[in-house]
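Chains, contacts and geometry: an overview
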Amino acid sequence: KAGVTQTPRYLIKTRGQQVTLSCSPISGHRSVSWYQQTPGQGLQFLFEYFSETQRNKGNFPGRFSGRQFSNSRSEMNVSTLELGDSALYLCASSLGVMDNQPQHFGDGTRLSIL
Amino acid sequence: SQKIEQNSEALNIQEGKTATLTCNYTNYSPAYLQWYRQDPGRGPVFLLLIRENEKEKRKERLKVTFDTTLKQSLFHITASQPADSATYLCALQGVLYNTDKLIFGTGTRLQVFP
């Protein structure tokens, strides 16, 4: 069974640009969550989608948005990029909603802002 | 605010010994606690999940305890091996306070030397 796939693996952008990251969950998984990981803050929850609906949202500005498609694939978008957005962005999928469910992570997209 | 603390300093132990990692939390009543392993450049990998009404959980050389009175979880690796070297993250999830998002600690790096 294929794991969670995130594309691209690495991305370099400049301030003010926008970026879209993609996540393909494990087949059959309907919940997709996104996290930002930085050395100083650790893993920070961005949002969770289930059946194309946002179920939970973390404490990030509105520049961070996401969506989920009918095949459970998900994308997240960051607009008006700032230097502080440089981070590893991780996607995780699970069978159902987050309750009592292990999260299966992809290897992330490393985003660098110049 | 909710806070999860893991020892930020690396834990260095000799092969064959038992490694014990600590996860403390405040201002939170989690229903579940999970432990993950993360290797450099990779996403976290799920290891164990323990519920609030369980005191202990085991899986092969791994053991997790959960003390809701002390607000602490201990993660043990017995007969540790150099291949166990990684960063270990604890994550808490509760259905109280109008959120069930998974909150991660910043992780403890374990180094097992021969």
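Everything below is about the structure shown above.
Residues numbered from 1 in each chain as written. Chains lettered and ligands numbered in written order. Predicted model: local features only at pLDDT ≥ 70, side-chain atom pairs only at ≥ 80, totals over all residues. Heavy atoms only, no water.

Remarks on the interface of chain B and chain A
Under the convention used in this document: Contacts are assigned to residue pairs that have any heavy atoms within 4.5 Å of one another. When two parts are put together, the accessible area they lose, computed with a 1.4 Å probe and summed over both, is reported as buried area. In what follows, salt bridge is the name for a side-chain nitrogen of Lys or Arg lying within 4 Å of a carboxyl oxygen of Asp or Glu. Polar contacts here mean pairs of N or O atoms no more than 3.5 Å apart (in protein, one a potential hydrogen donor and the other a potential acceptor; neighbouring residues in sequence count only if both atoms are side-chain atoms). Put simply, DSSP H or I for four residues or longer makes a helix, DSSP E for two residues or longer makes a strand, and each gets a number counted from the N terminus. Note that Gly is not counted as nonpolar here; it falls among the polar residues with everything else outside the nonpolar set of Ala, Val, Leu, Ile, Met, Phe, Trp, Tyr, Cys and Pro and the charged set of Asp, Glu, Lys and Arg.
Between chain B and chain A, the contact holds 20 residues from the first and 23 residues from the second. For the chain B and chain A pair, buried surface summed over both sides reaches about 1,700 Å², with 49% attributable to carbon and sulfur atoms. The tally of links between chain B and chain A comes to 1 salt bridge. Note that Arg-42 of chain B is salt-bridged to Asp-107 of chain A, the shortest N-O span being 2.9 Å. Counting the contacts that link chain B with chain A gives 6 residue pairs in polar contact (both at pLDDT 80 or more). Those elements that place two or more of their residues in the side of chain B that touches chain A are strand E4 (32-38), strand E5 (45-51) and strand E9 (86-93) of chain B. Ranked by the residues each element gives to the side of chain B that touches chain A, the list is headed by E4 of chain B, at 4 residues. Class assignment for the residues of the side of chain B that touches chain A results in 9 nonpolar, 7 polar and 4 charged.

Description of the pattern of salt bridges
Residues and elements named next belong to chain A. Formally: For every residue, the accessible area obtained with a 1.4 Å probe (protein chains only) is divided by the maximum for its type, and the residue is called buried under 20%, exposed over 50%, and partly exposed between those limits.
Tallying each qualifying case throughout the model produces 10 salt bridges over all chains. The residue Arg-55 makes a salt bridge to Glu-48 at a minimum N-O spacing of 2.9 Å. Glu-82 is paired through a salt bridge with Arg-63; the nearest N and O atoms lie 3.6 Å apart. Separated by 19 residues along the polypeptide, Glu-82 in the loop between strand E8 (74-78) and strand E9 (87-94) and Arg-63 in the loop between strand E6 (53-57) and strand E7 (64-68) bring together distant segments of the chain. Residue classification places Glu-82 among the partly exposed positions, given a relative accessible area of 42%. Exposure remark for Arg-63: the relative accessible area of 15% places this residue in the buried category. In the salt-bridge network here, residues are joined through shared partners; they are Arg-63, Glu-82 and Asp-85.

Brief notes about the side chain of Thr-108 of chain B
Examined against the element boundaries, Thr-108 of chain B turns out to sit in strand E11 (residues 108-113). Once you skip the residues sitting within four places of it in the chain, Thr-108 of chain B turns out to touch Gln-6, Asn-7, Glu-9, Leu-11, Leu-21, Ala-86, Thr-87 and Tyr-88 of chain B.

Observations regarding the sheet that holds E8 of chain A
Adjacent strands of a sheet form backbone hydrogen bonds with each other and so pair up, either parallel or antiparallel. Residues and elements named next belong to chain A. Here is the rule: For two strands to pair, DSSP has to find at least two bridges joining them. Interaxial angles span 0 to 180 degrees and are taken between N-to-C directions of axes, which are lines fitted to C-alpha atoms, for helices over the stretch in contact.
In spatial order, the strands read E1-E3-E8-E7; together these 4 strands make up an open sheet with antiparallel pairing. Across the chains shown, the open sheet's two edge strands, defined by having one partner strand only, are strand E1 (5-7) and E7. Recorded for the sheet is a direction-independent mean angle of 20 degrees between the axes of neighbouring strands. With 5 bridges connecting them, strand E3 (residues 19-24) and E8 associate as antiparallel partners. Considered in E8, the bridge of Cys-23 is made with Ser-74.

A few points about the pairing of strand E6 (residues 56-59) of chain B
All names here are of chain B. Taken together, the 4 bridges between E6 and strand E7 (residues 62-67) define a ladder with antiparallel strand orientation. Bridging across to E7, Lys-57 finds its partner in Val-64. Here E6 hands over to E7 after 2 residues, with Glu-60 in that stretch at a positive phi of 55 degrees.

Comments concerning the state of the cysteines
Basically, it comes down to this: Only a pair of cysteine sulfur atoms within 2.5 Å counts as a disulfide in this structure description.
Per the counting criterion, the structure on display carries 2 disulfides over all chains. With a sulfur-sulfur separation of 1.8 Å, Cys-23 of chain A is cross-linked through a disulfide to Cys-91 of chain A. The disulfide joining Cys-23 of chain A to Cys-91 of chain A has a torsion of about -55 degrees about its S-S bond and is therefore left-handed. Of this pair, Cys-23 of chain A sits in strand E3 while Cys-91 of chain A sits in strand E9, and the two are 68 residues apart along the sequence. For the pair Cys-23 of chain A and Cys-91 of chain A, one class covers both residues: buried. Each sulfur of the disulfide joining Cys-23 of chain B and Cys-90 of chain B lies 2.0 Å from the other. For the disulfide bridge between Cys-23 of chain B and Cys-90 of chain B, the dihedral angle about the S-S bond is near 65 degrees, and by the sign convention the bridge is right-handed. With Cys-23 of chain B in strand E3 (residues 19-26) and Cys-90 of chain B in strand E9, this pair connects stretches of sequence that are 67 residues apart. Looking at Cys-23 of chain B, the relative accessible area reads 0%, which means it is buried. Under the relative-accessibility criterion, Cys-90 of chain B is labelled buried at 0%.

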